[in-house]
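# Commentary on secondary and tertiary structure
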There are 2 protein chains.
Amino acid sequence: MPIIEEESFDPEINPKAAIAVDVVIFSVVDEELKVLLIQRDFWPFHGDWTLLGGYASPKETLEETAKRELFSQTGIENVYLEQCHVMSDPGRDSRTRVVSISFMAVINSQDYQVPYLGEKARLGWFGYKELPPLMFDHAQIIQAAYIQLRQRLKYSNIAWRLLSKEFTLTELQQVYEIISGKKLDKRNFRKKVLVVGMVIPTKKRQHNVSHRPAELFRFKK
Amino acid sequence: MPIIEEESFDPEINPKAAIAVDVVIFSVVDEELKVLLIQRDFWPFHGDWTLLGGYASPKETLEETAKRELFSQTGIENVYLEQCHVMSDPGRDSRTRVVSISFMAVINSQDYQVPYLGEKARLGWFGYKELPPLMFDHAQIIQAAYIQLRQRLKYSNIAWRLLSKEFTLTELQQVYEIISGKKLDKRNFRKKVLVVGMVIPTKKRQHNVSHRPAELFRFKK
DNA sequence: TGAATAGTGTCTTTCAGACAATATGCC
DNA sequence: GGCATATTGTCTGAAAGACACTATTCA
């Protein structure tokens, strides 16, 4: 009988669990905050819309899992992912114990037009407030990711990921208004982003607009 | 041959993983921010100090796992836990794939004196800046939890969990100074917590102090 | 010249930070 | 009275918020 016990890992008491990764991709499309969903073409829940994602493989971190699944399902790559909430209710998937780790990303939807996305699978952008019925706890996952996105908007530079390299201050303001859900004063907004040095002018202007063209800006650094 | 494929969950490609829960308990002890660690009395890493925690059981959420392990290892209960970072490096535990979900909590160390804690196991408070060598990625986990704690201190009421029901404003200020690592101006601090209505006076005063006794306050709501 | 959007400045209020003298209870 | 800590207010500068008119391009 050993003096030193072995660690109390008993596969009967602590069985392993399946690890799912769910990815919430946000973008601003048609002046609305939208979430990218995929339509399942396999059993169960065939035909339902669901978050992107998949199951973890043993030789990769979960961030890598998320990127791999995201690329294979949509062609989207080089995104910045952030961990969100872990879902672990034992009944969340009735088939077996599945722990879900969710990730959040924002992309510029211009870079990934629907035709291109459409090559890969049946994908669709859904307004954050007009989501279809979602399986499991995916609605909660999106909710938690949205809260995190709003935090990031306040305290970080994340907005640049939603826009093209060059953009007008009005476009930037719209991103802030759409995500925060509040109207902002144009003069105060422009003053602020310029004072904090978040953006710098390019001297270039918009083309092909039927009104006074706006100056284009870039994000700093 | 079915028209509708089955979901691509292949136990060969996506084997299940062990799920570990790690709990970072913070408290202010002797005017220092400290972390509660437990000394392992089993193989491997026998004798090393490590975070509290254990392996997930199938019929509980990971929050419940964390609470159960915390109680069985320390007697601490009724704590508020927050999810922190998920660690999933495939090599983090060389024995098998273990995904760790960490949780963070703050407690009032007065409520759990060392003698009481000592009944349960070899537990110890370690200064956040004087941690012993820790196995796996536990140092990183603590680091991430600390960053989250500082966030919460700024934008939430979490400080009340570190103090007794009634406390002096000097004690509250010390909590803020210790966690943020910055000296604060006494007058500005008191003005602020009173103006924002974070605390309310009780009309009671300290006893048994050899100087002018301070008024005791409570947190609001 | 009309339509559409770009671009711009001042005033007020609020919040953060610097700063030091008096008050009280205990011994 | 001496010691130790509690308690208190003003001034300044920075940032946030309210608010409306002129400028430019195109059709």
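Reading the values: rules and limits
Residues numbered from 1 in each chain as written. Chains lettered and ligands numbered in written order. Predicted model: local features only at pLDDT ≥ 70, side-chain atom pairs only at ≥ 80, totals over all residues. Heavy atoms only, no water. Contact = heavy atoms within 4.5 Å. Salt bridge = Lys/Arg side-chain N within 4 Å of Asp/Glu carboxyl O. Polar contact = N/O pair within 3.5 Å; in protein donor to acceptor, adjacent residues only side chain to side chain. Helix = DSSP H or I, 4+ residues; strand = E, 2+ residues; numbered from the N terminus. Nonpolar A, V, L, I, M, F, W, Y, C, P; charged D, E, K, R; others polar. Least-squares fit on C-alpha atoms with pLDDT ≥ 70 in both. Domains from an automatic or database assignment. Buried area = accessible area lost by both parts, 1.4 Å probe. Buried < 20%, exposed > 50% of the residue type's maximum accessible area, 1.4 Å probe, protein only. Near = heavy atom within 4 Å.

### Observations regarding the interface of chain A and chain B
Between chain A and chain B, the contact holds 40 residues from the first and 40 residues from the second. Across the contact surface, chain A and chain B share 0 salt bridges. Linking chain A with chain B are 19 residue pairs in polar contact (both at pLDDT 80 or more), by the criterion used here. Secondary structure elements with two or more residues in the side of chain A that touches chain B: β1 (5-6), β2 (18-29), β4 (42-43), α1 (62-74), β7 (82-87) and β8 (98-106) of chain A. A per-element tally of the side of chain A that touches chain B places β7(A) first, with 4 residues. For the side of chain A that touches chain B, the residue count by class is 20 nonpolar, 8 polar and 12 charged.

### Points about the relation of the copies chain A and chain B
Taken together, a rotation about one axis and a shift along it account for how the two chain copies relate. When chain A is fitted to chain B, the best match, at an RMSD of 0.2 Å, comes from turning it 179° and sliding it 0.1 Å along the axis. Viewed as a symmetry operation, the transformation between the two copies matches a two-fold axis.

### Some points on the domain arrangement of chain A
Residues and elements named next belong to chain A. Taken as a whole, chain A is organised into domain 1 (18-155) and domain 2 (163-219). Each of domain 1 and domain 2 has a C-alpha centre, and the two are 28 Å apart. Between domain 1 and domain 2, the contact holds 10 residues from the first and 7 residues from the second. Of all residues in domain 1, the largest losses of buried area upon contact with domain 2 belong to V28, N108 and L153, amounting jointly to 56% of the total for that side.

### Focus: unusual backbone geometry
Positive phi values are uncommon outside glycine, yet K203(A) reaches one of about 75°. You can see K203(A) is positioned in strand β10 (residues 199-205). The phi angle at F136(B) is positive, at roughly 50°, despite the residue not being glycine. Relative to the assigned elements, F136(B) resides in the loop between β9 (123-127) and α3 (138-155). Look at F136(B) and you get partly exposed, because its relative accessible area is 29%.

### Points about the protein's contact with DNA strand D
Not every one of the 20 residues close to DNA strand D is listed here, only the nearest: N188(A), R212(A), K186(B), R190(B) and E215(B). Protein-proximal atoms of DNA strand D, defined as those within 4 Å of the protein, fall in sugar or phosphate at a share of 43%. The separation between a base nitrogen of DNA strand D and a polar side-chain atom of R212(B) is 3.3 Å. E215(B) places a polar main-chain atom, nitrogen or oxygen, 2.9 Å from a phosphate oxygen of DNA strand D. Counting only elements with at least two residues in the surface near DNA strand D, the list comes to α5 (186-195) of chain A together with α5 (186-195) of chain B. The greatest single-element share of the surface near DNA strand D, amounting to 5 residues, is contributed by α5(B). A per-class count over the surface near DNA strand D returns 3 nonpolar, 6 polar and 11 charged.

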